[in-house]
Amino acid sequence: MAAAAAIAPPLAQQQELFKEVVENIFNRWTALRLAVEHGMGGALGLNTAIEIINYVTCYCTENKRVDFIDLREVLEEIMDQEFQTICQDESIDEISHILIKYLNLVKSNKVDEMRAELARMGPCEIWIKSGNRIKVQKMDDSSGTEDDEEEEDDDDDMEVEAPPFTRTVAMSAPSTEGSTTNFVEEEVEPGWTQVCNRRRR
């Protein structure tokens, strides 16, 4: 007699579990971190990276069938359009395979196995986490009144959220070894360095 198929957990639980996976994997993705640190996503590139975590989580859990190719295409498009970066280190393929493996564990309700797999990857530096967005910083005006300073404090707490992704694309897996994405520094004027990436057409 065949074993009964595992019952998938509710969508909200799937998203909570899978977001934990996506955050872990993306924090290990060297190419994404380099793109953010080199300003390829603009001043709020970190916010964009956080939105990508949320988008990938929803994309994978809300669609009934997501495969490696779908996910790879999503990640390639995101890196290209949001960070003007094309990964040449095969990290997107790696990340796509890893995320699909964990997604299947989550949808099969194999939570213990999922957590055991994550634990075997070991700890990593957490540089992006959902909810930790960059906040608006106002210029310090020493001539302002005390009331003005209180208003500025209120404004400092305002969060600026990156626009949500609305397109349907595919995702890929993160590289934990390092990226071969090419970045080129160009001297703009004394004291300033402009960092851009070299695109392979």
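Provided above is the structure to which this section pertains.
Report on the accompanying structure. (Residues numbered from 1 in each chain as written. Predicted model: local features only at pLDDT ≥ 70, side-chain atom pairs only at ≥ 80, totals over all residues. Heavy atoms only, no water.)

Bringing the packing of aromatic side chains into the picture now. Under the definition given, this model contains 2 aromatic pairs. Each ring, one from Phe26 and one from Trp29, has its centre 5.4 Å from the other, and the planes form 70°; the classification is edge-to-face. Take Phe26 and Trp29: they sit in the same class, and that class is buried. Seen from their ring centres, Tyr55 and Tyr59 are 6.1 Å apart, and the 25° between their planes marks the pair as stacked. Residue Tyr55 and its partner Tyr59 are located together in helix α3 (residues 45-62), separated by 4 residues, close to a single helical turn. For Tyr55, a relative accessible area of 12% gives the class buried. Across the ring face of Tyr102, the terminal group of Lys101 is positioned such that the distance to the ring centre comes to 5.1 Å. (Phe/Tyr/Trp six-rings, centres within 6.5 Å; stacked < 30°, edge-to-face > 60°. Buried < 20%, exposed > 50% of the residue type's maximum accessible area, 1.4 Å probe, protein only. Helix = DSSP H or I, 4+ residues; strand = E, 2+ residues; numbered from the N terminus. Lys NZ or Arg CZ within 6 Å of the ring centre and 35° of its normal.)

Counting 41 residues, the largest nonpolar core has Phe18, Phe26, Trp29, Leu32, Val56 and Leu99 as its most contacted members. Tallying contributions element by element places helix α5 (residues 91-107) first for this core, with 9 residues. Other than its neighbours up to four places away in sequence, Leu32 contacts Phe26, Ala49, Met79, Phe83, Trp127 and Ile128. (Core = buried A, V, L, I, M, F, W, Y, C linked by side-chain atoms within 4.5 Å. Contact = heavy atoms within 4.5 Å.)

Applying the stated criterion across every chain, the model contains 7 salt bridges. Here Arg72 and Asp93 are joined by a salt bridge, their closest N and O atoms 3.9 Å apart. Of this pair, Arg72 sits in helix α4 (residues 68-83) while Asp93 sits in helix α5; the two residues are 21 residues apart in sequence, bridging distant segments of the chain. Assessed through its relative accessible area of 24%, Arg72 is described here as partly exposed. What makes Asp93 partly exposed here is its relative accessible area of 29%. It is possible to trace a salt-bridge network through shared partners that takes in Arg33, Glu37 and Glu125. (Salt bridge = Lys/Arg side-chain N within 4 Å of Asp/Glu carboxyl O.)

As far as function goes, none of this settles anything; it's purely spatial.
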